[in-house]
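# Coordinate inspection notes
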Amino acid sequence: MNQRRNRTRFTEDQLKILIKAFDQNPYPGYATKQRLALEVNTDESRVQIWFQNRRARHQSQKKSEHDEDLESSQDQDHAEEEIQSREDRRHRSSYTPSQLHTLIQAFTNNPYPGINTREQLAKEIGVPESRVQIWFQNRRSRFHVQRKREPHDQD
DNA sequence: GCTAATCTGATCAGCTACCAGCTGATCAGCGCATTAGC
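Residues numbered from 1 in each chain as written. Chains lettered and ligands numbered in written order. Predicted model: local features only at pLDDT ≥ 70, side-chain atom pairs only at ≥ 80, totals over all residues. Heavy atoms only, no water.

If you check an unreviewed UniProt entry, chain A appears there as Double homeobox protein A from Mustela putorius furo. As recorded by UniProt, the Subcellular location (unreviewed entry) comment attached to chain A reads in full: "Nucleus". (UniProt positions renumbered as here; feature names shortened; annotations may be inferred.)

Here it is as structure tokens:
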């Protein structure tokens, strides 16, 4: 079963905090996301997803509002400034051969594990579920690239 | 219909070993990503 994670429902108070933080910086670093997660009582990964979705909505909204605006080039410059001042990323995880063995085996069985499988794997190898999800995303992505490069001998 | 969750693909950046390749983290998505819960 490729079950999805249950939908998070942010309260008005939680949203107030997140929106205020977004207005200050739409690209928060790991430390800021962790602090926000504590403040709104959720996981850092949920804060990350919230910012991703918010940026996507914000961009398309801004685009339609300023579509014919000749000043839009100034917005572009501002966006580039924002990107330049990005905060620190999460520290890079490193996996032991045993952890990788477990992940690769699971990937072979099912490259699209649902939330239950990911949580089970996370528990088994002792890492957060969000890291397991990222590992599978990267693995699938590189698997697709590799398959594109390989000759199609058996299509 | 709104929006959290998920996806692909591109890119950034740390680590290992000696400059490049591998891989974890982050990001956009443009006829404005798609899927799915509420």
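Spacing of three or four residues puts side chains on the same side of an α-helix, whose turn is 3.6 residues. The end-to-end C-alpha distance of helix 7 (residues 129-149), which contains 21 residues, comes to 31 Å, matching closely the 30 Å that a straight helix rising 1.5 Å per residue would cover. Along helix 7, the positions that sit buried rather than exposed are Glu129, Ser130, Arg131, Val132, Trp135, Phe136 and Arg140. (Helix = DSSP H or I, 4+ residues; strand = E, 2+ residues; numbered from the N terminus. Expected span 1.5 Å × (residues − 1). Buried < 20%, exposed > 50% of the residue type's maximum accessible area, 1.4 Å probe, protein only.)

Quick look at the environment of Ala56 now. The topology assignment puts Ala56 in helix 3 (residues 44-65). Given a relative accessible area of 47%, Ala56 falls into the partly exposed group. As a C-alpha pair, Ala56 and Glu39 span 17 residues in sequence and 23 Å in three-dimensional space.

To continue, consider the protein's contact with DNA strand B. Taken together, 36 residues lie around DNA strand B, and Thr8, Tyr27, Ser93, Tyr112 and Arg140 are the ones closest in. In the interface set of DNA strand B, defined as its atoms within 4 Å of the protein, sugar plus phosphate atoms amount to 60%. Thr8 places a side-chain nitrogen or oxygen 2.5 Å from a phosphate oxygen of DNA strand B. Asn53 places a side-chain nitrogen or oxygen 3.2 Å from a base nitrogen of DNA strand B. (Near = heavy atom within 4 Å. Polar contact = N/O pair within 3.5 Å; in protein donor to acceptor, adjacent residues only side chain to side chain.)

A complete count under the given rule lists four salt bridges for this structure. One salt bridge in this structure joins Glu129 and Arg5, with 2.7 Å as the shortest N-O distance. Pair noted here: Glu129 is in helix 7 and Arg5 is in the segment before helix 1 (12-24), with a separation of 124 residues, a long-range link. For Glu129, a relative accessible area of 11% corresponds to the buried category. (Salt bridge = Lys/Arg side-chain N within 4 Å of Asp/Glu carboxyl O.)

The contact between helix 5 (residues 97-109) and helix 6 (residues 115-125) brings their axes to 10 Å, and the two run at 160 degrees. Viewed along their axes, helix 5 and helix 6 adopt a mutual orientation that is roughly antiparallel. The two elements helix 5 and helix 6 meet at a crossing, and its hand is right-handed. Contacts from Gln99, Thr102, Leu103 and Ala106 of helix 5 reach helix 6 at Leu121, Glu124 and Ile125. Across the contact of helix 5 with helix 6, the residue classes break down as four nonpolar, two polar and one charged. (Axes fitted to C-alpha atoms, helices over the stretch in contact; angles between N-to-C directions. Parallel < 35°, antiparallel > 145°, perpendicular 65-115°, else oblique. Left-handed = near helix turned anticlockwise from the far one by under 90°. Contact = heavy atoms within 4.5 Å. Nonpolar A, V, L, I, M, F, W, Y, C, P; charged D, E, K, R; others polar.)

Before going further, it helps to spend a moment on the UniProt feature "domain: Homeobox" (unreviewed entry) in chain A. Per the UniProt annotation, the sites labelled "domain: Homeobox" (unreviewed entry) are residues 1-61 and 86-146. For residues 86-146, the helix share is 69%, the strand share is 0%, and the end-to-end C-alpha distance is 31 Å.

Further remarks concern the UniProt feature "DNA-binding region" (unreviewed entry) in chain A. With numbering matched to this structure, UniProt assigns "DNA-binding region" (unreviewed entry) to residues 3-62 and 88-147. In residues 3-62, the share of helix is 72% and the share of strand is 0%. The end C-alpha atoms are 34 Å apart. Span residues 88-147 is 72% helix and 0% strand, its end C-alpha atoms 33 Å apart.

Time to look at the environment of Gln14. Within the secondary structure, Gln14 is located in helix 1. Residue class for Gln14 comes out buried when judged on its relative accessible area of 16%. Leaving out residues up to four positions away in the same chain, Gln14 has contacts with Arg9, Val40 and Asn41. One polar contact links the side chain of Gln14 to the main-chain carbonyl oxygen of Val40, over a distance of 2.5 Å.

Ranked by size, the top nonpolar core spans 10 residues in total: Leu103, Ala106, Phe107, Leu121, Ala122, Ile125, Val127, Val132, Trp135 and Phe136. When contributions to this core are tallied by element, the ones reaching two or more residues are helix 5, helix 6 and helix 7. Ala21, Phe22, Leu36 and Val40 belong to the second-largest nonpolar core, a separate cluster that totals nine residues. (Core = buried A, V, L, I, M, F, W, Y, C linked by side-chain atoms within 4.5 Å.)

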